[in-house]
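Now for the letters of each chain:
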Amino acid sequence: MMRSFKLSEAVKIIPEDLEDLLVRGAYLEHSAQELKRMHQEQTTRLETVRATQPSFMFLRPKDTREAFREATSGTTQDLATIEKALFVNAKLSAYLRKIANDRLEKWMRENCVEYRVGLAAEHYAVDWEQALERFTEHAKTFVRVLGSARNTAPAGYNHQKNTFSPAAYDAIKLAHTVALRVEAEIQATNAIAEEHDRMLGKTVFNDPMPRVVQEPYASVVGQIAELGPTAAQVEFTRVIDAVDDLIDRELGALISRVRNSGRELLGRTQGYVDDAWNQLHVHAVAHSVDRKQVEAVVAQTERLYTSDMQLMTA
C-alpha cells in the first residue's frame, strides 16, 4: 500500500495486465516517432521531386514524363501508407490509454491512500453546501422574528417598571430560540469544514474551506430584553441589517466558493490518475522498449486490440 503515488514504488507493484498495456503503449510511442520521421523524409522527397519538374512537361519525351510521374506517384503512395499507419497508431494508442487509465484508477483506489482520501472527500462540498442552505433558511427566519419583535417592543412598554409587554417578551423569546438554531447551524457548518480540512490537510488535495463567522446572536437578543424601547429598536435594526448582509452578500460568495472547491477536487482526483499514468508511460518509453522488437510488438498489438477498438468506437 502506497501512502501517495511514487513512481519508484508503483513500478514494482502494478499488476501484470496494467504493465502490459503500458509497455504496449510505449512501443506504439516509439513506432509513432519513427513514422513521423519517415513522413517528414517522404514529404521532403516529394517536395524535391516536384521542384525538379521541367517546364513545359507536355513537350518532354514520353520516357521523361513517365519517369517523373512514377517518382511522384511512388512518393505519394508511400506518404499515404505512412499517414494511414499514423492514424491507426493514434487510435490504438488512445484506446490502450483509456483501458490503462481505467485499470490504473481502480488499482489506485485499492493501493494509494492519498488518492482514496481525495475520493472520500468529494462528499464534503455537497454536505457543506446543504448545511449552508439550512443555515440560510434559519437566518431568514431569524430576520423575520427579529422584525416582529422590533415592531412589538414599543407597544405596551411600562416606563414605570421599565418592562416590555408580555407579547413583546414572547416575541423576544422566540427570537432568542431561533438565534440558538442559527448558532447551531453555524457550528454544524464549520464542523464539516474542519473535518474536511483535517482529512485533506497533509495531502496534495489540501484546500481549506472557509468558515462562517460565529456570532453570539442569542446573547445579543437576551441583552435586548434588558434595554429600553428606543435602544432596543436600534439594536434590533443593527442585528437585522447584519444578518441581511450576511444572507445577501457573504453566503452567496461562500456557496460559490464551496461549489468551486468541489469541482476543483474532482478535477484534481482525475488529474492525479492522469499524472500517475504519464509518469508510468514515460518510464515505460525510457526503460521497456527494445527497438529491435518495435515492429513485431506493434503488429501483435494491432492484432490483439484493433477489433476491440473498432467495436468500442463503432
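Residues numbered from 1 in each chain as written. Predicted model: local features only at pLDDT ≥ 70, side-chain atom pairs only at ≥ 80, totals over all residues. Heavy atoms only, no water.

1. Quick look at the pattern of salt bridges
Taken as a whole and judged by the stated rule, the model has 13 salt bridges. Among the ionic pairs, R257 bridges to D207, the shortest N-O distance being 2.9 Å. With R257 in helix α8 (residues 229-287) and D207 in the loop between α6 (166-200) and α7 (217-224), the pair connects residues that are 50 residues apart, well separated along the chain. Look at R257 and you get partly exposed, because its relative accessible area is 28%. Here E250 ties to R249 by a salt bridge, and the two come within 3.4 Å at their closest N and O atoms. With a relative accessible area of 31%, E250 lands in the partly exposed category. One connected set of salt bridges, linked through shared partners, spans E34, R37 and E41. (Salt bridge = Lys/Arg side-chain N within 4 Å of Asp/Glu carboxyl O. Helix = DSSP H or I, 4+ residues; strand = E, 2+ residues; numbered from the N terminus. Buried < 20%, exposed > 50% of the residue type's maximum accessible area, 1.4 Å probe, protein only.)

2. Some thoughts on the environment of I99
Structurally, the position occupied by I99 is in helix α3 (residues 62-111). With a relative accessible area of 17%, I99 lands in the buried category. Residues I99 and L22, 77 residues apart in the sequence, show an inter-C-alpha distance of 9.9 Å.

3. Quick word on unusual backbone geometry
For N162, which is not glycine, the phi torsion reads 55° and is therefore positive. Considering the arrangement of structural elements, one finds N162 in the loop between α5 (122-152) and α6. Judged by its relative accessible area of 53%, N162 falls in the exposed class.

4. Describing the side chain of S4
For S4, the location among the structural elements is in the segment before α1 (7-13). Within the structure, the side chain of S4 is placed 3.0 Å from the side chain of K6, a separation counted as a polar contact. Setting aside chain neighbours within four positions, we find S4 in contact with C112, E114 and Y272. (Polar contact = N/O pair within 3.5 Å; in protein donor to acceptor, adjacent residues only side chain to side chain. Contact = heavy atoms within 4.5 Å.)

5. Here we look at the nonpolar core
Ranked by size, the top nonpolar core spans 81 residues in total, and within it F5, L104, M108, F142 and Y217 carry the most contacts. Contributing elements (two or more residues each) for this core: α2 (16-51), α3, α4 (113-120), α5, α6, α7, α8 and α9 (294-313). With 19 residues, α8 is the single largest residue contributor to this core. When neighbours within four sequence positions are excluded, F5 is seen to be in contact with A10, M108, C112, E114, Y272, A276, Q279 and L280. (Core = buried A, V, L, I, M, F, W, Y, C linked by side-chain atoms within 4.5 Å.)

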